[in-house]
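Observations on the model geometry
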Amino acid sequence: MKNNPKAWPFKTIPVDQAVGTPVAHDMTQVIPGKFKGPAFKKGHEITSGDLCRLMQMGKNNLYVLDLKTGQVHEDDAVMELASALAGPGVTFSGIPSEGKLELRAAYPGLFKVNVFALEEFNMLPDVMCASIHTHAAVTKHQSLAATRAIPLVILRADLDQAVALAREHFPIFSVTLFLPLKIRLIITGNEVYKGLIQDRFQAIVREKVTRLGGTLEESVILPDNRDRISRQIQKFLEKDTDLIITTGGMSVDPDDVTKEAIEDSGFEQIHYSSAVLPGAMFLLGYQGRTTIMGLPACGLYHRTTIFDLILPRVMAGETPGARDLARLGHGGLCLNCNTCRFPACSFGKPG
């Protein structure tokens, strides 16, 4: 029986006989609306003063742990799981709580999840892991995922299988640093150029790019003139520019010529339209090492648009393409909530 890994590794003793017994696992107490957490940590030796609280928690019996060969306690198991799941930019503490470990961002960046591998991991017996969505812009120390073994004691064979899968698909979780991109902005529109209305796009763009570590090097305001816009894009291409952003002129009105101006300027790849609302008439293009984004006018009215979904990926050095823009259709409808909770909502998060 000693070497049978499936043998029950506990014996049960009544609480009133447990004084001096070490707790075999974190014991959770729930006080509705007030508290949920470990009332007693693993290894705590029960005292006579603890008996009343245990009974208030509904604990009439306690486990005494007697691990067999081939069995692993949940706290030891979760350390191995977290180590195998955490890739570059992902960290975790060495102290499990209630059998769980939380994975956090080591630095600001773009959170990446191997979604297929995570699903395969969760298909294995007696382990689990839950995360936030992939492609999220995250801050330092932000919670990314949490993992645990399901039973208090897991079979070594099952644990090894989960660790092996995570290592085979390494990294299942990672954080890519944002790059300090040099960004230049072209604001288009006759009404803005002539001073009939005040531009608001520059402040919006500046706030969003600087939050991710980019620098808005230069901005110009131009009329809806295809040739002038195209020449300005070419001038920016001749400079040390990582990302060019244009605003407005992406619709179907006769005066909207920004899309055509971008096409005239020599970009090799251009992807026009996205499966996102707001942001259907978005443009994304590449020329050498320079990316261009054409932002539709919806960015003035809506706080969150396609720009907020694609900018973090570009800032992390990625080059999303047509399929990436199409894939955003599942989750790509903004609900225009009275109080915007993005990114803590479904917008831009495919299943």
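As shown above, the structure is provided for reference.
Residues numbered from 1 in each chain as written. Predicted model: local features only at pLDDT ≥ 70, side-chain atom pairs only at ≥ 80, totals over all residues. Heavy atoms only, no water.

1. Some details on the overall build of the protein
The helix and strand tally for the protein stands at 11 helices and 19 strands. Projected onto its principal axes, the C-alpha positions of the protein cover 85 × 40 × 30 Å. Considering only contacts in the protein between residues 6 or more positions apart, those separated by 24 or more positions represent 67%. In the structure as shown, the protein presents an accessible area of about 17,500 Å², 53% of it carried by carbon and sulfur atoms. Looking at the protein, you have 37 positive and 37 negative side-chain charges, and the mean spots of the two groups are 4 Å apart. (Helix = DSSP H or I, 4+ residues; strand = E, 2+ residues; numbered from the N terminus. Contact = heavy atoms within 4.5 Å. Areas by Shrake-Rupley, 256 points an atom, 1.4 Å probe, with all protein chains shown as cover. Lys, Arg positive; Asp, Glu negative; His and termini not counted. Charge placed at Lys NZ, Arg CZ, Asp CG, Glu CD.)

2. Observations regarding the packing of aromatic side chains
Counted according to the given criterion, the structure contains 2 aromatic pairs. Seen in terms of ring centroids, Phe111 and Phe173 are 5.8 Å apart; in terms of plane orientation they differ by 25°. Their pairing is stacked. Remark: Phe173 occurs in strand E13 (residues 173-177) and Phe111 occurs in strand E8 (residues 109-113); sequence separation between them is 62 residues. Of the residues examined, Phe173 reaches a relative accessible area of 0% and is grouped as buried. Residues Phe342 and Phe347 carry aromatic rings whose centres are separated by 6.0 Å and whose planes lie at 65° to one another, so their mutual orientation is edge-to-face. What makes Phe347 buried here is its relative accessible area of 3%. Residue placement shows Lys259 over the ring face of Tyr272; its charged tip is 5.1 Å from the ring centre. (Phe/Tyr/Trp six-rings, centres within 6.5 Å; stacked < 30°, edge-to-face > 60°. Buried < 20%, exposed > 50% of the residue type's maximum accessible area, 1.4 Å probe, protein only. Lys NZ or Arg CZ within 6 Å of the ring centre and 35° of its normal.)

3. Digging into empty space enclosed by the protein
Using the criterion set out here, one finds 2 cavities of 30 Å³ or more in the structure. Computed from the structure, the largest cavity encloses a volume of approximately 70 Å³. Phe201, Ile204, Lys208, Leu295, Pro296, Cys298, Gly299, Thr305, Ile306 and Phe307 together form the lining of the largest cavity. Of all the elements in the fold, those that place two or more residues in the lining of the largest cavity are helix H6 (201-211), helix H9 (298-301) and helix H10 (306-315). (1 Å grid on protein atoms, 1.4 Å probe; cavity = no way out; pocket = protein on both sides within 12 Å on 5 of 7 lines; lining within 4 Å. Points joined across faces, edges and corners; volume = space filled by probe spheres on them.)

4. Re the pairing of strand E19 (residues 290-295)
For E19, a buried count of 6 out of 6 residues is recorded, marking the element as mostly surrounded by other parts of the structure. Pairing between strand E16 (residues 243-247) and E19: 5 bridges, direction parallel. When the bridges of E19 are listed, Leu243 appears paired with Thr291. Strand direction decides the pairing type here: strand E18 (residues 283-287) and E19, joined by 5 bridges, are antiparallel. Counterpart to Leu283 in the pairing with E19 is Gly294. (Pairing = 2+ DSSP bridges.)

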